[in-house]
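# Geometric and topological summary
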There are 2 protein chains.
Amino acid sequence: MNGTGNLMDFLDEPFPDVGTYEDFHTIDWLREKSRDTDRHRKITSKSKESIWELIKSLLDAWSGWVVMLLIGLLSGTLAGVIDLAVDWMTDLKEGVCLSAFWYSHEQCCWTSNETTFDDRDKCPQWQKWAELMTGHAEGAGAYVLNYFLYVLWALLFSFLAVSLVRVFAPYACGSGIPEIKTILSGFIIRGYLGKWTLLIKTVTLVLAVSSGLSLGKEGPLVHVACCCGNLFCSLFSKYSKNEGKRREVLSAAAAAGVSVAFGAPIGGVLFSLEEVSYYFPLKTLWRSFFAALVAAFTLRSINPFGNSRLVLFYVEYHTPWYMAELVPFILLGVFGGLWGTLFIRANIAWCRRRKTTQLGKYPVLEVIAVTGITAVLAFPNPYTRRSTSELISELFNDCGALESSQLCDYVNNPNMSRPVDDIPDRPAGPGVYNALWQLALALIFKIVITIFTFGMKIPSGLFIPSMAVGAIAGRIVGIAVEQMAYHHHDWIIFKNWCRPGADCVTPGLYAMVGAAACLGGVTRMTVSLVVIMFELTGGLEYIVPLMAAAVTSKWVADAFGKEGIYESHIQLNGYPYLDIRDEFTHRTLATDVMRPRRNDPPLAVLTQDSTTVEDVETLIKDTDYNGFPVVVSRESERLIGFVQRRDLTLAIKNARQKQDGVVSSSVVYFTEDAPQLPASNPQPLKLRRILNLSPFTVTDHTPMETVVDIFRKLGLRQCLVTRSGRLLGIITKKDVLRHMAQMMNQDPESIMFN
Amino acid sequence: MNGTGNLMDFLDEPFPDVGTYEDFHTIDWLREKSRDTDRHRKITSKSKESIWELIKSLLDAWSGWVVMLLIGLLSGTLAGVIDLAVDWMTDLKEGVCLSAFWYSHEQCCWTSNETTFDDRDKCPQWQKWAELMTGHAEGAGAYVLNYFLYVLWALLFSFLAVSLVRVFAPYACGSGIPEIKTILSGFIIRGYLGKWTLLIKTVTLVLAVSSGLSLGKEGPLVHVACCCGNLFCSLFSKYSKNEGKRREVLSAAAAAGVSVAFGAPIGGVLFSLEEVSYYFPLKTLWRSFFAALVAAFTLRSINPFGNSRLVLFYVEYHTPWYMAELVPFILLGVFGGLWGTLFIRANIAWCRRRKTTQLGKYPVLEVIAVTGITAVLAFPNPYTRRSTSELISELFNDCGALESSQLCDYVNNPNMSRPVDDIPDRPAGPGVYNALWQLALALIFKIVITIFTFGMKIPSGLFIPSMAVGAIAGRIVGIAVEQMAYHHHDWIIFKNWCRPGADCVTPGLYAMVGAAACLGGVTRMTVSLVVIMFELTGGLEYIVPLMAAAVTSKWVADAFGKEGIYESHIQLNGYPYLDIRDEFTHRTLATDVMRPRRNDPPLAVLTQDSTTVEDVETLIKDTDYNGFPVVVSRESERLIGFVQRRDLTLAIKNARQKQDGVVSSSVVYFTEDAPQLPASNPQPLKLRRILNLSPFTVTDHTPMETVVDIFRKLGLRQCLVTRSGRLLGIITKKDVLRHMAQMMNQDPESIMFN
């Protein structure tokens, strides 16, 4: 049955490393898949031989689930540890707990006995630095001292973070999502998901977030989870030796990462499906879901938020929304789209400047400078001083009757006798107006500083800053609508749904809608965004406002450019990523893209039975192609197969060392049988074993849109072009990407790897 | 750029029907996609010409969203109407509302003024038939009369249903999901999603459900939604003229169908993705979600359940679950898997018998007989008399303090002073033991009758009966565990989590877990199942029990056979469905599968410049192949392209009618230029326009697993096989399916269509 069955030389046992890939190269999905099927077949047929083999085959079948379980456990644990550490270190910038220095502000006052609800923030055990050092809690001197120490701690944390990244694991910087997308699409970046990266990223993530920079931990958590996935892959040869199977595990790990970042397992799976994964079979869907759930429950049992809630921002609203409110929601969507466009353009421009100018040479200095500016500007404003996730949480929440926050400083009706949850609209007090000013300043500050922060050489996520921008804008709009409705009950638009004394506007909902819109504008997530938000609130009630904002934001942002922030960074870095969503609509044909071009030297081919070892070695030395087509003869140009450069090099090296009689003048045979040569001739070298007998071919008339489709769906590395049976040329993934860049009037040379 | 540019005869304007498909044929996804890109290109380039064209192009871009909106609105409305009609007609079997005969029992008593909670079921306006006709509500005579009329109404409804299906729309029977899966995978069944089918399926679905047969409306609702989708496709030529694009709309419609069936929009989208769809690009994901949401909200605004809840079975539990409970949950999973296996095997065996014996000739009689048996056996048992969804709803719900149902007849502690929601475990009263017996009988009855019901010639869904089986089993187990925990507080397993006076076991949760397990065993849904159940309860709390049961059930069922009920029915009917989930693991090569086989006549090919019109006509008459490869010459066998039979027939017919000088001896040219012939020779016929210049080829050494992968991922119809540039044979989708059947030791001739 198998055509290669009767050529069983020394090559019968594959020599080491055959079929592996070099760093910064693209994998061949079809080949990986068929290698896995071979392995599976071998195990299945062996399993009938003995009990031990049967057990081994069962273990093999279960290894996928074991890996998922381990990923869920480890990424959940790491997320919990990161949350706890960030809490503590963020508070360390302001003060310390006297009863136990490893307690955060909240934990410190929890354990205090004298605490009642009202002064929970002001328990005696927790002392600000000025109070501890000088004994004075109030006054200008204490303020300046606290200010100074706040900036100093921030600088210390960020300096540590950037130094650790620089010295130990340069891959630990950034959010990691662009690179993970590229890796999942079938690219090799060795070490990107390694143990060192895992360790350093976890530590520096804590430092970076604690330093108060405008960044989040959500994107990096995906990277951390993928590192866990990669780590556990190495336990099973099924995954460690097959780059295709490994990517299935990594897809699931990405889902676990988002699951712990937000406490949203379903949203995490959809995020992995929609945003980061390339090849996502249904089996992976189910396993991803398992990993995401295990991770979420591990995180919950660690209980870092101290409330046994699964989600990051738990909210519960008490009033429904009204049709007329769709207008401000859609306006928030427009804002989100504009913010997305602005952010992507400005951030990419800044990152390009960093890459091309002197700026890129001083990453430590850059981080220190940005941290300094952030800390100096953030301290005076209470909304930027605290951690961004606390800020978002406060903005999302509705004002209860007992809420002490400035944002809830409404003028209360003294003879109010309603239940706590149902508070009618009230006029805003001075605290609210004050808060609005501070929020407006915080908004401008966040918008500007985030552009400069994302892309620095420290771990930095984008979800939280984007959500913060949206939440601030949303809350401002929400309060404006609320006050308008209170003061103008008689306006036509308010008449129907907002009678006096009713609780008709929920500013917290506006903040949530704004956050979704801004996140959508930056990342262009759609379903996963809405599902994550849905899991945060846990009710289908608010899915229409969220969806309206998400759709608007995507449409507005798409009108200015189709690419989200991750795709833009992929392009900036020139990764060979063939986006599954891009539509290729040009009328070019395979013949326009294939190499050699008209004036190029002819295609480098091998013949099946007339090339010597020396010829092959010269060809390998003179060219840098990743593989060579094998033809019947140079005259007929009929295609036989395709041989990988790496396999060829290894095979010849191996043969020269181990096989007697193979010399430079030996003829290389790719045919089924080598002819019987006289003894005087050098021993032939039979290499049919490494020849791919089923190379992918298209005709020269194939439209490029079909070729792009084939590359995407089958995950090809290269494809040969024929015309009526004759080999004409070759199209590699890099050629396809270059062509696509050219068609979009971009520089084709920006595609760097292959 | 375009190679066909300089051959512009009369064929420049495509003649009607070129590029369409015949009934019961498979579409070519790649071709459909490239046709759509062409169309899109044309519109984009035209849009720059005038304002009107620009508006047209914008309308075209928005048409997808418009179609989704319309699908959501119509399928939501239809689902609401069906729900209302089923409610009314189910109650009509028992009695009638005196104040307004079109009210259901519940509506009738709602509108009654004298109603209090306790006797809501017994308002004077609602009269049972016996009471209305004889004046006696009680007694043996009244019972017999009610019994008789119940059976009579059931027979009437089911007779009407089966007759309407037989006479007007034979495609309206069954659940429709196997056929929709096949259609979505690229098969043409004309009329299956037509207007008549929509109308008749909607009407007969109401009749079938009301007749009290053991069937549900969920599967057929997917069919109804897909019919809506197909209907709205015809509004836009973008969808009506492109079978590929049409299928994108149908995928979204399927999501909308499940969304209204359960009130679970996210679950609906995942169901479409996981279970029914074949080609599901990300754009479709987003649009499906939109359609599913619109449908769900339309249904809610119709409010058929009278409680403004979105979901079919709304439940809220008040106690958490404990680790030890995982044991009974997993046992329920095992039960679900066994039930799935039993049901699939028995149902397929019965359906096969129906197909092959005399039984199949009397569908009306069969329906009447099964309805009669169902009604006669169902009436005496209160749990089978009522509608299945009411039964499930009661089983899912926890016993409140005021619950009057038999299932909640616990012995109450008289000096109980707790809030209503928090009831400690109590000893079961006589009502509960009575209910347990009746439930056990109902379980056996449902198991047996469902096997015979599914597959009859009426609309019949499987979700509700499967869930009912699971819910009954689960509730029985739940009550058993509860009573065990109450009476044996001191057992080690109960000691830690179930102190006396605590409310530790929720029998309703067991029912829900059992329902998920049984549904999973039958359909082999995974993620979508858990998500649908999650949307029903609305809390992540119970996702672990659900998941444990679903995983166990799938593993147990898979151990007996990989196929779910839908795949089994697809196979039974011989549809050409290439399952995306099947792993092909055999070591065969393309050369083993391709045609012609060793002893067959040679491959029927056309040559590019030496075949006459008569030769072509003879070839078309003598063979029934769907297309012919075109080669340079019979000697060289170098492949040029592929031409579809249908296009060829149409082109020759067209040319003979319209082009002067084309006679039987005219030579057909597939080359770029036909030679200048002397005037005496007959006019040549140039057919390069209909030649597919980029046919898909693989080498004869390509492993079949790769070929299967290519067929699946690219949606090919056929693929040509070459060896070193020479055409050897052809592999069609049917050949692939036959080969797969053969490898699984099934009858290859069971694949009927191509």
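Preceding block: the structure.
Residues numbered from 1 in each chain as written. Chains lettered and ligands numbered in written order. Predicted model: local features only at pLDDT ≥ 70, side-chain atom pairs only at ≥ 80, totals over all residues. Heavy atoms only, no water.

## A few points about a nonpolar patch on the surface
The condition that has to hold: In this scheme, patches are assembled from residues that exceed 30% relative accessible area and form no salt bridge. Like charges are connected within 9 Å, while nonpolar side chains (Val, Leu, Ile, Met, Phe, Trp, Tyr) are connected within 5 Å. Each accessible area value is a Shrake-Rupley result obtained with a 1.4 Å probe; residue values ignore everything except the protein chains displayed when judging cover. We define a salt bridge as a contact between a side-chain nitrogen of Lys or Arg and a carboxyl oxygen of Asp or Glu at a distance within 4 Å. In this description a helix means any DSSP run of H or I spanning at least four residues, a strand means any run of E spanning at least two, and both kinds are numbered starting from the N terminus. Under the scheme applied here, a residue whose accessible area is under 20% of the maximum for its type counts as buried, over 50% as exposed, and between as partly exposed, the area being computed with a 1.4 Å probe on protein chains only.
On the surface, Leu54(A), Leu58(A), Trp62(A), Val66(A) and Trp555(B) cluster together into a nonpolar patch covering about 450 Å² of accessible area. If one sorts the elements of the nonpolar patch by residue count, helix α2 (residues 51-92) of chain A sits on top with four residues. With respect to the helices and strands, Leu54(A) occurs in helix α2. Here Leu54(A) falls in the partly exposed class, since its relative accessible area comes to 38%.

## Points about helix α7 (residues 195-210) of chain B
All names here are of chain B. Test applied: Take the residue count of a helix, subtract one, and multiply by 1.5 Å to get its expected span. Contact criterion: two residues are considered in contact whenever any of their non-hydrogen atoms come within 4.5 Å of each other.
An ideal rise of 1.5 Å per residue puts 22 Å on 16 residues; α7 measures up with 23 Å between its terminal C-alpha atoms. Burial analysis of α7 places twelve of its 16 residues in the buried class, which makes it a mostly covered element. The elements touched by buried residues of α7 are α2 (51-92), α5 (140-168) and α8 (218-233). Just downstream of α7, glycine 212 is the residue with a positive phi angle, here 85 degrees.

## Concerning the sheet that holds strand β6 (residues 639-644) of chain A
Strand pairing in a sheet takes place through backbone hydrogen bonds and is either antiparallel or parallel in direction. Residue and element names in this part refer to chain A. The test is simple: Here the rule is simple: two strands pair whenever DSSP picks up at least two bridges between them.
The strand order β3-β5-β6 describes an open sheet built from three strands, whose pairing is mixed. Edge positions in the sheet fall to β3 (606-607) and β6, since each has one partner strand and no second. Relative to strand β5 (residues 627-631), β3 is paired through two bridges, and the arrangement is parallel. Bridge pairing in β5 links threonine 607 to valine 631.

## With respect to the sheet that holds strand β7 (residues 667-669) of chain B
All names here are of chain B. Read from one edge to the other, the open sheet built from three strands follows the order β4-β7-β8, with strand pairing classed as mixed. The strands lining the two open edges of the sheet, one partner per strand, are β4 (611-612) and β8 (685-686). Pairing between β7 and β8: two bridges, direction parallel. Note on β8: the bridge partner recorded for valine 668 is leucine 685.

## Some points on the nonpolar core
This is how the line gets drawn: By nonpolar core we mean a set of buried residues, namely Ala, Val, Leu, Ile, Met, Phe, Trp, Tyr and Cys, connected to one another through side-chain atoms within 4.5 Å.
Counting 374 residues, the largest nonpolar core has Phe289(A), Phe396(A), Ile731(A), Phe289(B), Phe396(B) and Ile731(B) as the members making the most contacts within it. A per-element tally of this core places helix α12 (residues 282-302) of chain A first, with twelve residues. Excluding anything up to four places from it in sequence, Phe396(A) contacts Phe313(A), Val315(A), Tyr317(A), Met467(A), Ala471(A), Arg475(A), Gly508(A), Leu509(A), Ala511(A), Met512(A) and Ala515(A).

## A few points about the interface of chain A and chain B
Put simply, the rule is: Here the buried area means the combined drop in accessible surface, using a 1.4 Å probe, for two parts upon being joined, counting both sides. Side-chain classes follow a simple rule in which Ala, Val, Leu, Ile, Met, Phe, Trp, Tyr, Cys and Pro form the nonpolar group, Asp, Glu, Lys and Arg form the charged group, and the remainder, Gly included, forms the polar group.
In this complex, chain A contributes 79 residues to the contact, which on the side of chain B involves 79 residues. When chain A packs against chain B, close to 6800 Å² is buried across both sides, 70% of that on carbon and sulfur atoms. Our count for the chain A to chain B interface comes out at four salt bridges. Between Glu705(A) and Arg41(B) there is a salt bridge, with its nearest N and O atoms 3.3 Å apart. Per element, the largest residue contribution to the side of chain A that touches chain B is nine residues, and it comes from α12(A). Along the lines of polarity and charge, the residues of the side of chain A that touches chain B split into 40 nonpolar, 20 polar and 19 charged.

## What to know about the packing of aromatic side chains
Which entries qualify depends on this criterion: Any two rings among Phe, Tyr and Trp, with Trp reduced to its six-membered ring, count as a pair given centres within 6.5 Å; such a pair is stacked if its planes are under 30 degrees apart, edge-to-face if over 60, and tilted if neither. Here, over-ring charges are defined by two tests on the NZ atom of lysine or the CZ atom of arginine: distance to the ring centre within 6 Å, and angle to the ring normal within 35 degrees.
According to the stated counting rule, one finds 52 aromatic pairs over all chains in the structure shown. Consider the rings of Trp153(A) and Phe157(A), whose centres lie 5.6 Å apart with planes at 40 degrees: the pair is tilted. On the criterion of helical spacing, the pair formed by Trp153(A) and Phe157(A) is a turn pair, its members being four residues apart in helix α5 (residues 140-168). Take Trp153(A): its relative accessible area is 21%, and that puts it in the partly exposed class. Classification of Phe157(A) as buried rests on a relative accessible area of 4%. A ring pair is formed by Trp555(A) and Trp65(B), whose centres lie 5.3 Å apart and whose planes are at 90 degrees; its orientation type is edge-to-face. On the criterion of chain membership, the pair formed by Trp555(A) in helix α22 (residues 543-560) and Trp65(B) in helix α2 is interchain, its members lying in two chains. Under the relative-accessibility criterion, Trp555(A) is labelled partly exposed at 35%. Put simply, the rings of Trp62(A), Trp65(A), Phe290(A) and Trp555(B) pair up and form one aromatic cluster. Lying across the ring of Phe379(A), Arg385(A) places its NZ or CZ 4.1 Å from the centre.

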